[in-house]
Amino acid sequence: MKIELEQLRTQISDNNIPEHIAVIMDGNGRWAQKQGVKRIFGHQNAIEAVRSVTEGSAELGVKYLTLYAFSTENWDRPKYEVDGLMTLLVNTIKDELPTLQKNNIRLTSIGDITALPANAQRRLGEAIELTRTNTGMTLVLALNYSGKWDLANAMNNLIKKGKSYIEPSDIDEHLSTVGIPNPDLLIRTSGEMRISNFLLWQMAYTELYFTEVLWPDFRMKDLYEAVISYQKRERRFGKTSDQVKA
Ligand code: IPE
Ligand code: IPE
Ligand code: MG
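So, here's what we can say about the structure. Values in this document were obtained by computation on a predicted structure and should not be read as measured data.

## Some points on the overall build of the protein chain
Working step 1: The helix and strand tally for the protein chain stands at 10 helices and 6 strands.
Working step 2: A compact globule built from 246 residues should have a C-alpha radius of gyration of about 18 Å, and the protein chain, at 18 Å, falls within 12% of that.
Working step 3: On the principal axes, the C-alpha backbone points of the protein chain span a range of 55 × 55 × 35 Å.
Working step 4: Residue pairs in contact within the protein chain that sit at least 24 positions apart in sequence constitute 76% of those at least 6 positions apart.
Working step 5: If you sum the accessible surface of the protein chain, you get close to 12,900 Å²; carbon and sulfur atoms cover 52% of it.
Working step 6: Here the protein chain holds 30 positive side-chain charges and 31 negative ones, and the gap between their average locations is 2 Å.

## Quick look at the site of ligand 1
Working step 1: Every residue lining ligand 1 is accounted for by Met25, Asp26, Gly27, Asn28, Gly29, Arg30, Arg39, His43, Ala69, Asn74, Arg77 and Leu85.
Working step 2: Separating an oxygen atom of ligand 1 from a backbone N or O atom of Gly29 is a distance of 2.9 Å.
Working step 3: Arg39 has a polar side-chain atom sitting 2.9 Å from an oxygen atom of ligand 1.
Working step 4: Expressed as a share of its isolated accessible area of 380 Å², the protein-covered part of ligand 1 is 87%.

## Points about the sheet that holds strand E1 (residues 20-24)
Working step 1: Sheet architecture is open: 6 strands sit in the order E3-E4-E2-E1-E5-E6, paired in parallel fashion. Strands at the two margins of the open sheet, each flanked by one partner only, are strand E3 (106-110) and strand E6 (207-210). Taking the axes of each pair of neighbouring strands and ignoring which way they run, one obtains an average angle of 20° across the sheet.
Working step 2: Helix H6 (residues 118-130) rests against E3 and strand E4 (138-145) of the sheet, and its axis sits at about 135° to E3.
Working step 3: Sitting on the sheet, helix H9 (residues 220-231) is in contact with E1, strand E5 (185-188) and E6, with an inclination near 135° to E5.

## Notes on the packing of helix H1 (residues 2-10) against H9
Working step 1: At their nearest, the axes of H1 and H9 sit 10 Å apart, and the two run at 20° to each other. The angle between H1 and H9 falls in the class roughly parallel. Pair H1 / H9 crosses with left-handed handedness. Residue-level inspection shows Glu4, Leu5, Leu8 and Arg9 of H1 in contact with H9, the latter providing Met220, Lys221, Tyr224, Glu225 and Ile228.
Working step 2: Taken together, the residues of the contact of H1 with H9 sort by class into 5 nonpolar, no polar and 4 charged.

Thresholds applied
- Residues numbered from 1 in each chain as written.
- Chains lettered and ligands numbered in written order.
- Predicted model: local features only at pLDDT ≥ 70, side-chain atom pairs only at ≥ 80, totals over all residues.
- Heavy atoms only, no water.
- Helix = DSSP H or I, 4+ residues; strand = E, 2+ residues; numbered from the N terminus.
- Rg over C-alpha atoms; globule rule 2.2 N^0.38 Å.
- Contact = heavy atoms within 4.5 Å.
- Areas by Shrake-Rupley, 256 points an atom, 1.4 Å probe, with all protein chains shown as cover.
- Lys, Arg positive; Asp, Glu negative; His and termini not counted.
- Charge placed at Lys NZ, Arg CZ, Asp CG, Glu CD.
- Near = heavy atom within 4 Å.
- Polar contact = N/O pair within 3.5 Å; in protein donor to acceptor, adjacent residues only side chain to side chain.
- Pairing = 2+ DSSP bridges.
- Axes fitted to C-alpha atoms, helices over the stretch in contact; angles between N-to-C directions.
- Parallel < 35°, antiparallel > 145°, perpendicular 65-115°, else oblique.
- Left-handed = near helix turned anticlockwise from the far one by under 90°.
- Nonpolar A, V, L, I, M, F, W, Y, C, P; charged D, E, K, R; others polar.

Functional significance is not addressed by these values, which are geometric in nature.
Below is the structure:
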């Protein structure tokens, strides 16, 4: 296992590490159901995957890692699951804070966190404040987030400022991701091939990577495989291949 990981690491070039990786962490429920246990166990077992990917990304030199943890649509799940996810969020932030500090990781969030339970908002606010001056990787938690919400919110802020004509750059500057570069690589686990209202505007030119691995099983080696796939691609941004190579 360790040898396999090291072997994969040698295939990654340090010159072309994605600056920003975004992840749709999917498949927790199916992971649990496959073993005949309740869905919430899948969410609990997802924490180890979060640790692996955070540690792996930081070591590779990724600057921003955005994790889609709770979408605006996820409120429509059964109440006990939503409650379970919120409790897990609070406990995880509390438990992981020392590791974030040790690894110099700055925590931040995107999404409308005012709708989260008060204790979740407090824990999150504390962790963001305590890690604010860390200079290593930035870990962005997407909580009560959706791309449509983000865009509508940006437009509303522009209207409030009295704007009557909007440029794409105006939108960039009013999204919740202001100051964060657009994702270079999106990873979605569990075999689903959709965006599910994630960073709609910001992913205009993101490389998409889909894997069958269920999120609770996702480890550093899976991250490495995604980065290896990313590095084999040619990002053309509308140009021809010859232009890009020149
Ligand atoms: C992702 O796993 C976690 C969240 C959306 C919070 P799911 O809970 O969506 O797992 P599946 O898709 O039902 O397997
Ligand atoms: C997307 O997963 C949201 C998060 C990972 C937080 P879902 O499991 O909610 O996505 P859909 O509804 O199946 O597309
Ligand atoms: Mg799902």
